[in-house]
Amino acid sequence: MQQGGGIKMDTSSRLGNAATRVLNRKTLVLAILALGGYGLYRHPPIETVGPQQVGIRSNAWTGSVSEVGEGPCLVIPGIHSLRRFPLVDQVYRPTRSAKADGPAPFQSSEGLSIGVELAIRYAIDARSLPRVAKVLPDDVGRDMVEPLVQGVIYKVFTRYTVREIFSTRRQEIQTLIESELKPMLATDGIVLRNVMMGNVDLPPDYREGMNKVLATELENQQMQYTLQLKEKKVQESRLQAEAEKAQRDTAAEAAADEQIIAAKGQEEAMKHVLPFKRKQIEQRELEAEAQSAALIRNAKGTAEARRIEATGEADSRRKLADADAYRLEALGKVNSEQLARDGALIDKHPLLIQKTLADKLSDKISVIVAPPPAAGGFIGQALIDAAHQAPAASNDSGSAP
């Protein structure tokens, strides 16, 4: 009995251990899943490459490197690593060397400190980026471009004098810096676009001396230009005089040739002109004879026409005179008959004379006051007599003592 009970206890203990192991495994799996979920939450496997950027994804297990374009990409934590590089051009400016009294000025071949404003424009070469991405630092401009540029430009400026750097050989210095920097940056996958030099800051004492030298040189150059200008004016005057002389000679020769050609042409033309002139003279003589004959014919015609006109005019005047005589005779007869009728009418009606007189005076005299005529006489006789008596009375009063 005890033995059977021990067997049962061993079996139950084994079952308990098995259940415990299963529970532990489930707990471990859940813990792993929880840790994985938390890791995915804190470090999601999707990252984004921004615009004008390129991503370089490295595989830690296989060691492969792949290029990723703009947009989201898969980055598994613990396996992949993603680095982003800009594709746009970048500019490095050594500001510490821009002033002659700055913290790190350049040195010329005379040992003078000068400041130069430089701008180095560069970009990362996307084609060689997968090859050099492992060796490129995070800050390419600070950790790689700046040291290389500083090493080159300090060395280049020590080859030239201040005056050459300031004015005469600026382009040469830019070209030299580009030629030395370009292959050095290209080995690290960086493309140098160009190097631009700006303002050159000189030491105050040197600038003052250079200004004086430049002023003196400017005066010398101005004098040289003045002398050259005067010399050119003298040459121009001499050439102009020679040109005018040659022009006059050419014009004289041309005029002489023109006169000779004109004389020859005139001589040749006279051979044709003289017969033509003779024909013109003959033609004019014939025209004069024809014109004279025409004038004679016209004169005869004019005289005949005038004679005919005179005859017609005489006949017309005669007829007009006859007509006037006939008209006067007819008018005389009519007037005589009218007077006879008027006389008979006045004899029959004497007061018509008074009415006629009143009608004649009506537009000059508004009212006529006169005594009635005696014995049916003329009504105006009293007015006429009164007019004669008034002057006589005035004469009598004037002659009285």
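Rules and cut-offs
Residues numbered from 1 in each chain as written. Predicted model: local features only at pLDDT ≥ 70, side-chain atom pairs only at ≥ 80, totals over all residues. Heavy atoms only, no water. Helix = DSSP H or I, 4+ residues; strand = E, 2+ residues; numbered from the N terminus. Buried < 20%, exposed > 50% of the residue type's maximum accessible area, 1.4 Å probe, protein only. Contact = heavy atoms within 4.5 Å. Areas by Shrake-Rupley, 256 points an atom, 1.4 Å probe, with all protein chains shown as cover. Core = buried A, V, L, I, M, F, W, Y, C linked by side-chain atoms within 4.5 Å. Expected span 1.5 Å × (residues − 1). Bend = angle between axes of the 7 residues up to and from the residue. Phe/Tyr/Trp six-rings, centres within 6.5 Å; stacked < 30°, edge-to-face > 60°. Salt bridge = Lys/Arg side-chain N within 4 Å of Asp/Glu carboxyl O.

### Quick word on the overall build of the chain
Inference 1: Across its full length, the chain holds eight helices and nine strands.
Inference 2: Residues classed as buried in the chain amount to 18% of the 401 residues present.
Inference 3: Restricting to contacts in the chain with at least 6 residues of sequence separation, those with at least 24 account for 65%.
Inference 4: As presented, the chain carries roughly 29,500 Å² of accessible surface, and 59% of it is formed by carbon and sulfur atoms.

### Here's the deal with the nonpolar core
Inference 1: Counting residues in each nonpolar core, the largest one holds 37 residues, and the members touching the most others are Val116, Leu118, Val145, Phe157, Ile165, Ile173 and Met197.
Inference 2: Within the residue set of this core, elements represented by two or more residues are β8 (113–124), α2 (129–132), α3 (140–157), α4 (162–168), α5 (170–186) and β9 (190–201).
Inference 3: It is α3 that provides the largest number of residues to this core, a total of nine residues.
Inference 4: Once residues within four sequence positions are removed from consideration, Leu118 is found in contact with Tyr92, Arg93, Pro94, Phe106, Ile153, Phe157, Met196 and Met197.

### Some details on helix α6 (residues 204–348)
In an α-helix, one turn spans 3.6 residues; hence positions three or four apart end up facing the same way.
Inference 1: The end-to-end C-alpha distance of α6, which contains 145 residues, comes to just 152 Å, noticeably less than the 216 Å that a straight helix rising 1.5 Å per residue would cover.
Inference 2: Along α6, the largest kink reaches about 35° and is centred on Met270.

### Looking at the packing of aromatic side chains
Inference 1: Using the criterion set out here, one finds two aromatic pairs in the structure.
Inference 2: On the basis of an interplanar angle of 55° and a centroid distance of 4.8 Å, the ring pair of Phe106 and Tyr154 is categorised as tilted. Here Phe106, found in strand β7 (residues 106–107), pairs with Tyr154, found in helix α3; they are 48 residues apart in sequence, far enough to count as distant.
Inference 3: For Tyr154, a relative accessible area of 25% puts it in the partly exposed group.
Inference 4: One aromatic cluster is present, formed by Phe106, Tyr154 and Phe157 through successive ring pairs.

### Points about the side chain of Glu180
Inference 1: Relative to the assigned elements, Glu180 resides in helix α5.
Inference 2: Ignoring any residue separated from it by four or fewer positions in sequence, one finds Glu180 in contact with Val152, Lys155, Val156 and Arg159.

### Points about the pattern of salt bridges
Inference 1: Under the counting rule described, the total for this entry stands at 13 salt bridges.
Inference 2: With a closest N to O distance of 3.6 Å, Asp125 and Arg127 form a salt bridge.
Inference 3: Where Glu180 meets Lys155, a salt bridge forms, and the shortest distance between an N and an O atom there is 3.7 Å. Taken as a pair, Glu180 in helix α5 and Lys155 in helix α3 lie far apart in primary sequence, 25 residues in all.
Inference 4: For Glu180, a relative accessible area of 17% puts it in the buried group.
Inference 5: Because the salt bridges share partners, they merge into one network encompassing Asp89, Arg121 and Arg193.

### Description of the environment of Ser108
Inference 1: Note on placement: Ser108 falls in the loop between β7 and β8.
Inference 2: Taking the C-alpha atoms as reference points, Ser108 and Tyr154, separated by 46 residues in sequence, lie 9.0 Å from one another.
Inference 3: The residues contacting Ser108, other than those within four sequence positions of it, are Phe157, Thr158, Tyr160, Thr161, Val162 and Ile165.

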